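Residue-level listing of the chains:
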Amino acid sequence: MAGHVQDRWYRTETGPDGKTRKVKTDRHGLGLRYRARYIGPDGTEKSKSFPDRQKRLAEQWLSQIEADMARGQYIDPQAGRLTVRQHAERWLASLTMDPGTFVSTEQRIRLHVLPYLGSRTLGSLRPTHIREWLRKLQDGGVAPAYQRVIFANLSTMLTAAVDDRLIAENPCRSSSVRAPKLDPRRIVPWSRDRVLAVRSALPEQHRAMVDLAGGCGLRQGEVLGLAVEDVDFLEGMVHVVRQVKLIRNRPVFAPPKGGRTRTVPLPESVARSVEEHISQHPPADVTLPWRAVDGEPVTASLLFHRDHERPVNRNDFNRWAWHPALRSAGVPLGRASGMHALRHFYASVLLDAGESVKALSEYLGHHDPGFTLRTYTHLMPSSEKRTREAVNRAFGDGPDTDDGPTTAQEG
């Protein structure tokens, strides 16, 4: 057995006759009688006290400690006394993720987790507390998609607590806890007329942004970070190698989302628009730190800029250019009407033209073609339509022909 059980009410003494006997201690009848003691893996003594008549329970507790140590599943009973707030601070300080992602993660934990769960100890955290917290997020009007991200951050943080042997289980992974469900909304891509109406309502110097986002599938930050050297007019390709991100409202250059640089086709119509934009608004060298606000300075000759030395601030652009253009075109403001809508338009155009999901996934910079399929499968031609077209091709002139499919003559 790991350690031993100490009886604090009696001590064993050897009498003059050489026999041992139990003698009451000064603590007899006071406090908990038995103290189970053992040496933990870190070399320090651990203990737990039990009341009178529970010596067997103390021994069983020590036996369980010994078994957990043998299986490599030992958890220090004191570790669970760390509060969620204390663990969050340590966990956030240990992260090595992209600075922009770190800022977003820290804000979600600070604003949506700690106010509800921060003062609770890790060891006291139960699935019911997670369910109650999720309900508070829902009642607070947090969007379901954002709820899922916050929940994922908390679950990852508590998984780290399990890995660090602070708690035995992650309550977020309990069978009674359900991750927030997304709204069952299907993406409805903009029509060509709507895209052109919004484009026409934008200030002239910003109109080529619509062509790059809707004609090449670039994200807003990737459009703002596009340099003239990234556009290969001769080969008809665009190299997406950077974006402009805001970290605490300070601009930095960073790799595209997920670190996935890519090359996408440059349609002739978009190439003409970019060439015209360059002739009217020459590119300017803009220097920004790389990845973090204190990162190494990097210079790129951006197509879109302010005052010939600063990048376009996406918040200012949305407020003073994009939103007025939406209102002018009769498009309701909202999350679905951001510049990301132009990527959905791009996807719908390519799928309607018969482009493969795999190619579309690469052009959009998605990690998983399955995600692309799940997002846009409802935009693909129906199976009935594909079946009719396939049979029509097989029968040559279509289903009304009398000759049937052409076959090779027997020799």
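Residues numbered from 1 in each chain as written. Predicted model: local features only at pLDDT ≥ 70, side-chain atom pairs only at ≥ 80, totals over all residues. Heavy atoms only, no water.

### Some remarks on the overall build of the chain
Looking only at helices and strands, one finds 14 helices and 14 strands in the chain. For 411 residues, the compact-globule formula gives about 22 Å, and the C-alpha radius of gyration of the chain, at 33 Å, lies well above that figure. Dimensions of the chain, computed from C-alpha atoms along their principal axes, come out at roughly 115 × 75 × 45 Å. Among the 411 residues that make up the chain, the fraction classed as buried is 40%. Considering only intrachain contacts with a sequence separation of at least 6, the fraction spanning at least 24 residues in the chain is 58%. Entry remark: accessible area of the chain is about 24000 Å², with carbon and sulfur atoms responsible for 48%. Where the 60 positive side-chain charges of the chain centre and where its 48 negative ones centre are 13 Å apart. (Helix = DSSP H or I, 4+ residues; strand = E, 2+ residues; numbered from the N terminus. Rg over C-alpha atoms; globule rule 2.2 N^0.38 Å. Buried < 20%, exposed > 50% of the residue type's maximum accessible area, 1.4 Å probe, protein only. Contact = heavy atoms within 4.5 Å. Areas by Shrake-Rupley, 256 points an atom, 1.4 Å probe, with all protein chains shown as cover. Lys, Arg positive; Asp, Glu negative; His and termini not counted. Charge placed at Lys NZ, Arg CZ, Asp CG, Glu CD.)

### Quick look at the environment of K55
Here K55 lies in helix 1 (residues 55-71). Taking the C-alpha atoms as reference points, K55 and T101, 46 residues apart in sequence, are found 52 Å from one another.

### Topic: helix 2 (residues 84-94)
Every α-helix winds through 3.6 residues per turn, so residues three or four apart in the chain are directed the same way. Among all positions in helix 2, only V84, H87, A88, W91 and L92 are buried. Considered in projection along helix 2, the buried side chains sweep an arc of 130° and stay on one side of the axis. Facing away from the buried side of helix 2 by over 90 degrees, the exposed positions are E89, R90 and A93. Where helix 2 is buried, its residues touch helix 3 (99-117) and helix 5 (144-163). (Arc of directions from axis to C-beta.)

### Points about the sheet that holds strand 7 (residues 237-240)
The antiparallel open sheet is built from 3 strands, whose spatial order is 6-7-10. Pairing within the sheet leaves two strands with one partner each, and these edge strands are strand 6 (231-232) and strand 10 (262-265). One ladder, built from 4 bridges, connects strand 7 with strand 10; its direction is antiparallel. Looking across to strand 10, one finds that V238 is bridged to V264. (Pairing = 2+ DSSP bridges.)

### Remarks on the packing of aromatic side chains
Applying the stated criterion across every chain, the model contains 3 aromatic pairs. Summarising the aromatic geometry, the rings of W190 and W322 are spaced 6.2 Å apart at their centres and angled 5° between planes, so their arrangement reads as stacked. Taken together, the residues W190 in the loop between helix 5 and helix 6 (192-201) and W322 in helix 10 (residues 314-328) connect sequence positions 132 residues apart. A connected cluster of aromatic rings, assembled from ring pairs, spans W190, F317 and W322. Cation over ring: R242 sits above F253, and NZ or CZ is 6.0 Å from the ring centre. (Phe/Tyr/Trp six-rings, centres within 6.5 Å; stacked < 30°, edge-to-face > 60°. Lys NZ or Arg CZ within 6 Å of the ring centre and 35° of its normal.)

### Comments concerning the side chain of R108
Counting through the fold element by element, R108 comes out in helix 3. Notably, R108 is buried but unbridged: the nearest opposite-charge side chain belongs to E106, and the N-O separation is 9.8 Å. Those residues in contact with R108 that lie beyond four places of it in its chain are V113, Y146, V149, I150 and N153. (Salt bridge = Lys/Arg side-chain N within 4 Å of Asp/Glu carboxyl O.)

### Some words on the nonpolar core
Counting 52 residues, the largest nonpolar core has W190, L212 and W322 as its most contacted members. Counting 28 residues, the second largest nonpolar core, distinct from the first, contains L117, I130, L158 and C172. (Core = buried A, V, L, I, M, F, W, Y, C linked by side-chain atoms within 4.5 Å.)

### Here we look at helix 9 (residues 268-280)
Compared with the 18 Å implied by 1.5 Å per residue over 13 residues, the 18 Å span of helix 9 between its first and last C-alpha is a close match. Within the sequence span of helix 9, burial applies to V270, A271, S273, V274 and H277. The buried side chains of helix 9 occupy one side of the element, clustering within an arc of 160° when seen end-on. When the buried face of helix 9 is taken as reference, the exposed residues oriented beyond 90 degrees from it are E268, R272, E276, S279 and Q280. (Expected span 1.5 Å × (residues − 1).)

### A short note on the packing of helix 2 against helix 3
The axes of two packed helices give the description: the angle between them and the distance between them. Interaxial distance between helix 2 and helix 3 falls to 10 Å at its minimum, and their mutual angle equals 175°. In terms of orientation, helix 2 lies roughly antiparallel with respect to helix 3. Along the contact surface, helix 2 presents V84, R85, A88, W91 and L92, while helix 3 presents F102, T105, E106, I109, L114 and L117. Tallied by class, residues from the contact of helix 2 with helix 3 come to 8 nonpolar, 1 polar and 2 charged. (Axes fitted to C-alpha atoms, helices over the stretch in contact; angles between N-to-C directions. Parallel < 35°, antiparallel > 145°, perpendicular 65-115°, else oblique. Nonpolar A, V, L, I, M, F, W, Y, C, P; charged D, E, K, R; others polar.)

### Section: the environment of G123
Structurally, G123 is set in the loop between helix 3 and helix 4 (127-139). Accessibility expressed as a relative area gives 33% for G123, which makes it partly exposed. For the pair G123 and L82, spaced 41 residues apart in sequence, the C-alpha to C-alpha distance is 7.8 Å.

### A short note on the UniProt feature "domain: Core-binding (CB)" (unreviewed entry) in the chain
Following the UniProt record, the feature "domain: Core-binding (CB)" (unreviewed entry) maps to residues 82-162 here. This span, residues 82-162, is 77% helix and 0% strand, and a straight line between its end C-alpha atoms measures 13 Å. (UniProt positions renumbered as here; feature names shortened; annotations may be inferred.)

### Focus on unusual backbone geometry
Even without being a glycine, R248 presents a positive backbone phi close to 50°. As for its placement among the helices and strands, R248 is situated in the loop between strand 8 (243-247) and strand 9 (250-254). R248 sits in the exposed class, given a relative accessible area of 51%. Its identity as a non-glycine residue notwithstanding, H308 has a phi of 60°, on the positive side. Position of H308 relative to the elements: it lies in the loop between strand 13 (305-306) and strand 14 (310-311). In this structure H308 comes out as exposed when scored by relative accessible area, which is 56%.

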